[in-house]
Amino acid sequence: IPFSVKEKRFEASAVDSYIALNVSAFSANLIESELFGHVKGAFTGAEANRAGWLETCSSCGTILLDEIGELPPMTQVKLLRVLEERTFERVGSEETIEVDIRVIAATNRNLRDAVLQGKFREDLYFRLNVVDITLPPLSERAGDIPLLASRFLKEYSEKNGRQIEGMTPDALNILEAYAWPGNVRELRNTIEKMVVLSRSERLTARDVPAN
């Protein structure tokens, strides 16, 4: 399921009633600490105990793991244990922590192919694949573009301190006609660029970058 989340600290954020973590934003060494936490002295730079996102999300109950296909093999094993036993240990600790959480996983990859290629654990795939929602590419959902563009326009206008009232029909027509190979992320980046570079209170066709 390819979709974006509002990112804050280290590509992770608490949004409404769930925590979202972009797995691909971390190296193989860091992702374990981010997910499971660590104790002081567990590795260089671990100057204090810190709870991971799995432990933190116990307060809201749900964690979204975006780009789950990028999860390293050893971390896949530990995540599988969390899903099956609801337990884990922080990095460098032997104390078992129990959690009661719901995991939502999203990916742009074909995980079935990744399983066949030995890049993703089959048992973890089937454990995650309880309810499978396939979201068509943005090129097949042109009707969603106005709503998404409006949402991103509002977000980046506020973020950049701009007072942009909206978008002209000709600008929207260009966006709707484009194929968007990068899907929603590409649209989001395009709207941000348009907002930053616009010199008027309304986005026009001139503000649409050449893709």
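Residues numbered from 1 in each chain as written. Predicted model: local features only at pLDDT ≥ 70, side-chain atom pairs only at ≥ 80, totals over all residues. Heavy atoms only, no water.

**Section: the packing of aromatic side chains**
Test applied: Only Phe, Tyr and Trp rings are paired, with Trp represented by its six-membered ring, and only when their centres lie within 6.5 Å; those with planes under 30 degrees apart are stacked, over 60 edge-to-face, the remainder tilted. Exposure is judged per residue with a 1.4 Å probe applied to protein chains only, and the accessible area is read against the type maximum: over 50% gives exposed, under 20% gives buried, and values in between give partly exposed.
Evaluated as defined, the whole model comprises 3 aromatic pairs. Look at Tyr125 and Phe126: their rings are 5.2 Å apart centre to centre, the planes differ by 70 degrees, and that puts the pair in the edge-to-face class. Tyr125 gets classed as buried once you look at its relative accessible area, which sits at 9%. The exposed category is assigned to Phe126, whose relative accessible area is 52%. Taken together, a centroid distance of 4.6 Å and an interplanar angle of 85 degrees make the contact between Tyr178 and Trp180 edge-to-face.

**Description of helix α3 (residues 73-85)**
Quick reminder of the rule: The way it works is that DSSP assigns letters per residue, a run of H or I at least four long becomes a helix, a run of E at least two long becomes a strand, and they are numbered from the N terminus. Expected span of a helix: the number of residues minus one, times 1.5 Å. The directions from the helix axis to the C-beta atoms are what the arc is built from. Note on contacts: a residue pair is in contact if any heavy atoms of the two residues lie within 4.5 Å.
Taking 1.5 Å of rise per residue, 13 residues should cover 18 Å, and α3 covers 18 Å from first to last C-alpha, within 8% of that figure. Taken together, the buried positions of α3 are occupied by Thr75, Gln76, Leu79, Leu80, Val82 and Leu83. The buried residues of α3 all sit within an arc of 160 degrees when viewed along its axis, so they share a single face. In this structure, α3 carries Met74 and Glu84 as exposed residues pointing more than 90 degrees from its buried face. Of the surrounding elements, those touching the buried residues of α3 are α1 (28-36), α2 (53-56), β5 (62-66), β6 (87-89), β8 (102-106) and α5 (122-128). Looking one or two residues past α3, Arg86 carries a phi angle of roughly 60 degrees, positive in sign.

**Describing unusual backbone geometry**
One non-glycine residue, Arg86, lies in the positive phi region at around 60 degrees. Tracing the backbone shows Arg86 in the loop between α3 and β6.

**Side note on the packing of helix α6 (residues 145-159) against helix α8 (residues 183-197)**
What counts here: Throughout, an axis means a line fitted to C-alpha atoms (over the contacting stretch in the case of helices), and angles, computed between N-to-C directions, take values from 0 to 180 degrees. Note that the term roughly parallel is reserved for angles under 35 degrees, roughly antiparallel for angles over 145, roughly perpendicular for angles of 65 to 115, and oblique for everything else. Each crossing gets its handedness from the near helix: less than a right angle anticlockwise from the far helix is left-handed, clockwise is right-handed. Note on residue categories: nonpolar means Ala, Val, Leu, Ile, Met, Phe, Trp, Tyr, Cys or Pro, charged means Asp, Glu, Lys or Arg, and polar means any other residue, Gly included.
Interaxial distance between α6 and α8 falls to 9 Å at its minimum, and their mutual angle equals 45 degrees. Overall, the two elements α6 and α8 adopt an arrangement that is oblique. For α6 against α8, the interelement crossing comes out right-handed. Residue-level inspection shows Ile145, Leu148, Ala149, Phe152, Leu153, Glu155, Tyr156, Ser157 and Lys159 of α6 in contact with α8, the latter providing Val184, Leu187, Arg188, Ile191, Glu192 and Val195. Looking at the contact of α6 with α8, its residues break down into 10 nonpolar, 1 polar and 4 charged.

**A few points about α8**
Look at α8: 22 Å from first C-alpha to last across 15 residues, which is about the 21 Å you get at 1.5 Å a residue. For α8, the set of buried residues is Asn183, Val184, Glu186, Leu187, Arg188, Thr190, Ile191, Met194 and Val195. Of the surrounding secondary structure, the elements contacted by the buried residues of α8 are α6, β9 (166-167), α7 (169-177) and β10 (202-203).

**Looking at the environment of Ala48**
Assignment of secondary structure puts Ala48 in the loop between β3 (37-38) and β4 (50-51). Note: C-alpha distance between Ala48 and Met167 (119 residues apart in sequence) is 49 Å. Once you skip the residues sitting within four places of it in the chain, Ala48 turns out to touch His38, Val39 and Lys40.

**Concerning the packing of α6 against α7**
α7 packs onto α6 with a crossing angle of 115 degrees between their chain directions and a minimal axis gap of 10 Å. Here α6 runs over α7; the crossing is right-handed. Contacts from Ile145, Pro146 and Ala149 in α6 reach Leu172, Leu175 and Glu176 in α7. Among the residues making up the contact of α6 with α7, the classes are represented as 5 nonpolar, no polar and 1 charged.

**Some thoughts on the environment of Thr87**
Here is the rule we go by: In protein, a polar contact requires one atom able to donate a hydrogen and another able to accept it; more generally it is a pair of N or O atoms within 3.5 Å, and residues adjacent in sequence count only if both atoms are side-chain atoms.
Within the secondary structure, Thr87 is located in strand β6. A polar contact of 3.2 Å, which involves the side chain of Thr87, links it to the side chain of Arg81.

**Brief notes about the pairing of strand β2 (residues 18-22)**
Here is the rule: By this definition, two strands are paired if DSSP reports at least two bridges between them.
Buried residues dominate β2, accounting for 4 of its 5 residues. Inspection of the sheet shows β2 paired to β5 by 4 bridges, in the parallel sense. In the sheet register, Ala20 faces β5, and the bridge partner there is Leu64.

**Considerations on a nonpolar patch on the surface**
Cut-off, in case you're wondering: Only residues whose relative accessible area exceeds 30% and that form no salt bridge enter a patch; like-charged residues are grouped when within 9 Å of one another, and nonpolar side chains (Val, Leu, Ile, Met, Phe, Trp, Tyr) when within 5 Å. The protein chains shown are the only cover counted for residues, whose accessible areas, like all others here, come from Shrake-Rupley with a 1.4 Å probe. A pairing counts as a salt bridge when a side-chain nitrogen of Lys or Arg comes within 4 Å of a carboxyl oxygen of Asp or Glu.
On the surface, Val130, Val131 and Ile133 cluster together into a nonpolar patch covering about 320 Å² of accessible area. Assignment of secondary structure puts Ile133 in the loop between α5 and α6.

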